Amino acid sequence: MINYDVTIIGGGAAGLIAAASLDNGIKTCILEKNKIPGRKIMATGGGRCNITNDACGQKGIALDFFRSLGLETYSDEEGRYYPYSNQASDVVKVLLDAINDKDTDIITEAEVTEVSFKDDHFIVSDAKGRTFASKVLLVATGGKAAPQLGTTGDGYAMAKVFGHTISKVYPILTGIKTGDMKDVKGVRAKGNVSLYKDNEMIASEMGEVQFNEDGISGICVMNMTPYITAEKGEPLEKALSRYHIELDMAPDFDASELACRKSSFGILSEKLSARVDIENIKNWKLPVIGVKGWKDAQCTAGGVTKDEIDMDTMRSMKKDALYFAGEVIDVQGPCGGFNLQNAWETGIRAATAINKRFR
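Position labels on residues start from 1 in each chain and follow its written sequence. Predicted model: local features are reported for residues with pLDDT of at least 70 only, side-chain atom pairs are reported and counted for 80 or more only, and whole-chain, interface and lining totals are derived from all residues. For side-chain calculations, the full set of non-hydrogen atoms in the structure is used, while hydrogens and water are omitted.

## Thoughts on the overall build of the protein chain
In this text, helices come from DSSP runs of H or I with a minimum length of four residues, and strands from runs of E with a minimum of two, each type numbered from the N-terminal end. When helices and strands are counted, the protein chain shows 10 helices and 21 strands. Exposure classes here rest on a 1.4 Å probe applied to the protein chains alone. A residue is buried below 20% of its type maximum, exposed above 50%, and partly exposed in between. Taken over 359 residues, the protein chain has a buried fraction of 52%. We call two residues in contact when some of their heavy atoms are within 4.5 Å. For the protein chain, contacts bridging at least 24 residues in sequence account for 69% of all contacts bridging at least 6. What sets the accessible areas is the Shrake-Rupley method with a 1.4 Å probe; for residues, cover comes only from the shown protein chains. Within the structure as shown, the protein chain displays about 16,300 Å² of accessible surface, and the carbon and sulfur contribution to it stands at 47%.

## With respect to the sheet that holds strand β3 (residues 52–53)
By definition, two strands form a pair when at least two bridges between them are found by DSSP. Taken together, three strands build an open sheet; the order of strands is β3-β5-β4 and the sheet is antiparallel. At either end of the open sheet lies a strand with only one pairing partner, and these are β3 and β4 (73–75). Bridge count for β4 against strand β5 (residues 80–83) is three bridges, and the pairing is antiparallel. Within β5, the position partnered with Tyr74 by the bridge is Tyr82.

## Details of unusual backbone geometry
Residues other than glycine predominantly adopt negative phi, and peptide bonds predominantly adopt the trans conformation. Backbone geometry at Cys49 places phi at a positive 70 degrees, although glycine is not the residue there. Note on placement: Cys49 falls in the loop between α2 (39–43) and β3.

## Thoughts on the nonpolar core
We call a set of buried residues a nonpolar core when its members are Ala, Val, Leu, Ile, Met, Phe, Trp, Tyr or Cys and they connect through side-chain atoms within 4.5 Å of each other. In terms of nonpolar packing, the biggest core is built from 66 residues, with Ile41, Phe66, Val91, Leu95, Phe324 and Trp344 touching the most fellow members. Non-local contacts of Phe324, meaning those with residues more than four positions away in its chain, are made with Leu138, Val139, Ala159, His164, Val304, Ile309, Met314, Ser316 and Ile329. Val187, Ala203, Cys220 and Ala250 belong to the second-largest nonpolar core, a separate cluster that totals 30 residues.

## Some words on the packing of helix α3 (residues 59–68) against helix α10 (residues 338–357)
Interaxial angles span 0 to 180 degrees and are taken between N-to-C directions of axes, which are lines fitted to C-alpha atoms, for helices over the stretch in contact. Where α3 contacts α10, the two axes come as close as 9 Å, and the packing angle between them is 75 degrees. Considered as vectors, α3 and α10 are oriented roughly perpendicular to each other. Mapping the contact onto sequence places Lys59, Ile61, Ala62, Phe65 and Phe66 in α3 and Gln341, Trp344, Glu345 and Ile348 in α10. Here the term charged refers only to Asp, Glu, Lys and Arg, the term nonpolar to Ala, Val, Leu, Ile, Met, Phe, Trp, Tyr, Cys and Pro, and the term polar to all other amino acids, Gly among them. For the contact of α3 with α10, a count of residues per class yields six nonpolar, one polar and two charged. Angle categories are assigned with fixed cut-offs, so that under 35 degrees is roughly parallel, over 145 is roughly antiparallel, 65 to 115 is roughly perpendicular, and the rest are oblique.

## Digging into the packing of aromatic side chains
Each aromatic ring pair is described using two quantities: the centre-to-centre distance and the angle formed by the ring planes. Only Phe, Tyr and Trp rings take part, Trp by its six-membered ring, and two of them pair if their centres are within 6.5 Å. Stacked means planes under 30 degrees apart, edge-to-face means over 60, and tilted covers everything else. One pass over the full model with this rule turns up seven aromatic pairs. Aromatic pair Phe66 and Trp344: ring centres 4.9 Å apart, planes at 80 degrees, arrangement edge-to-face. Within this pair, whereas Phe66 is found in helix α3, its partner Trp344 is found in helix α10, the two being separated by 278 residues in sequence. For Trp344, a relative accessible area of 0% corresponds to the buried category. Aromatic ring contacts, followed pair by pair, group Phe65, Phe66 and Trp344 into a single cluster. By the criterion adopted, a ring carries a charge over it if an Arg CZ or a Lys NZ lies within 6 Å of its centre and within 35 degrees of its normal. Here Lys27 stacks its cationic end above the ring of Tyr4, 5.3 Å away from the centre of that ring.

## Some points on the state of the cysteines
Cysteine sulfur atoms that come within 2.5 Å of each other are treated as a disulfide pair. Tallied over the full model, the rule gives zero disulfides. Summary of cysteine pairing: Cys56 is not part of a disulfide, and the nearest cysteine sulfur, belonging to Cys335, is at 12 Å. Cys299 forms no disulfide, and the closest cysteine sulfur to it belongs to Cys335, at a distance of 8.6 Å.

## Regarding the pattern of salt bridges
A pairing counts as a salt bridge when a side-chain nitrogen of Lys or Arg comes within 4 Å of a carboxyl oxygen of Asp or Glu. Going through the model one piece at a time under the given rule, you end up with 23 salt bridges. In this structure, the salt-bridge partner of Glu208 is Arg188, at a minimum N-O distance of 3.0 Å. Here Glu208, found in strand β13 (residues 200–212), pairs with Arg188, found in strand β12 (residues 188–197); they are 20 residues apart in sequence, far enough to count as distant. The shortest N-O distance in the salt bridge between Lys282 and Asp248 comes to 2.9 Å. Highlighted residues: Lys282 in the loop between α9 (270–275) and β16 (284–287) and Asp248 in strand β15 (residues 243–248), separated in sequence by 34 residues. Given a relative accessible area of 29%, Lys282 falls into the partly exposed group.

## Quick look at the sheet that holds β12
Ordered by their spatial adjacency, seven strands build an open sheet running β16-β15-β12-β13-β14-β11-β17, and the pairing between neighbours is antiparallel. Strands with a single pairing partner mark the edges of an open sheet, and in this sheet they are β16 and β17 (290–291). The sheet contact formed by β12 and β13 spans 10 bridges and is antiparallel. Across the sheet, residue Tyr196 finds its bridge partner in β13, namely Met201.

## Considerations on the pairing of β13
A loop of two residues connects β12 with β13, the two strands running antiparallel in sequence, and Asp198 in this loop sits at a positive phi of about 50 degrees. In terms of strand pairing, β13 meets strand β14 (residues 215–217) through three bridges, oriented antiparallel. Bridging from a neighbouring strand, Gln210 pairs with Ser217 of β14. Taken together, β13 and the strand that follows it, β14, pair antiparallel across an intervening segment of two residues.

As structure tokens, then:
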């Protein structure tokens, strides 16, 4: 058994920034089940890492932290912040450099199989038979989105061991299945996407709509998915039948400008105009057959419920010296850096509280 002051389960955004924010002298281990830490960070923002967003009220927490490590950022016209180098790997590097200056061991290929509490210590075991003991435990395992990058929902079972409640988890910020779209697969077009439930509009957003073989995607589409849910006990098929999408594929034109046109071609591409005639260009209706699954999702809805966590310190209200950070908690935001901001912010909050325990 190897003894530490703090064990962090998960070497993703929340776990790494927490470790980088701990005081020198706190003996820490990060248990990461991938071969390298920060793998999911490297995949975010198309490989650029969308660190945060102008619309995040506490964006300064993240921006100031990374600036203190020497990483400069810039924002685009949509308010999304990226590293000035446009390299997500640089975000991981500055975090690892900061961690390497501390008394921290990063243990990779450490898939946690069991957690418990005994003799005033958290006991964590991994698939290789190694056991780690610590006074403090931080669960920063992420959710279930993008399991190919290592996030497979492991933290929910860990939270349950200590009496926590897990709200229903489902994939969000993913594509919407609308039926056969093979004829326009690969086409991208500007549009306004509106989601309707029981024929009442519940969400709408402008952006680039991307067409794939069985539906639509793009940021404006993915941001609709948190609203597509089933009522408790409602069969999924029945729930989905209550939703539909309406696409305005000529958002920069009003009806009078379109009245004299015989075809949608010239506004839409040749392929898309063959699918959408001029009469339907501003209200093309598509059914919601489903949403893409975990592999395609960028975020998880649901998780460890917030009312069982002190959100100022990220400390568990069920078990002292147990902390949570990042996507394992039931906190979600739209595309554009909001969910990474949550990881940075909660990781720093947890580390700040843990530091106080050892001072």
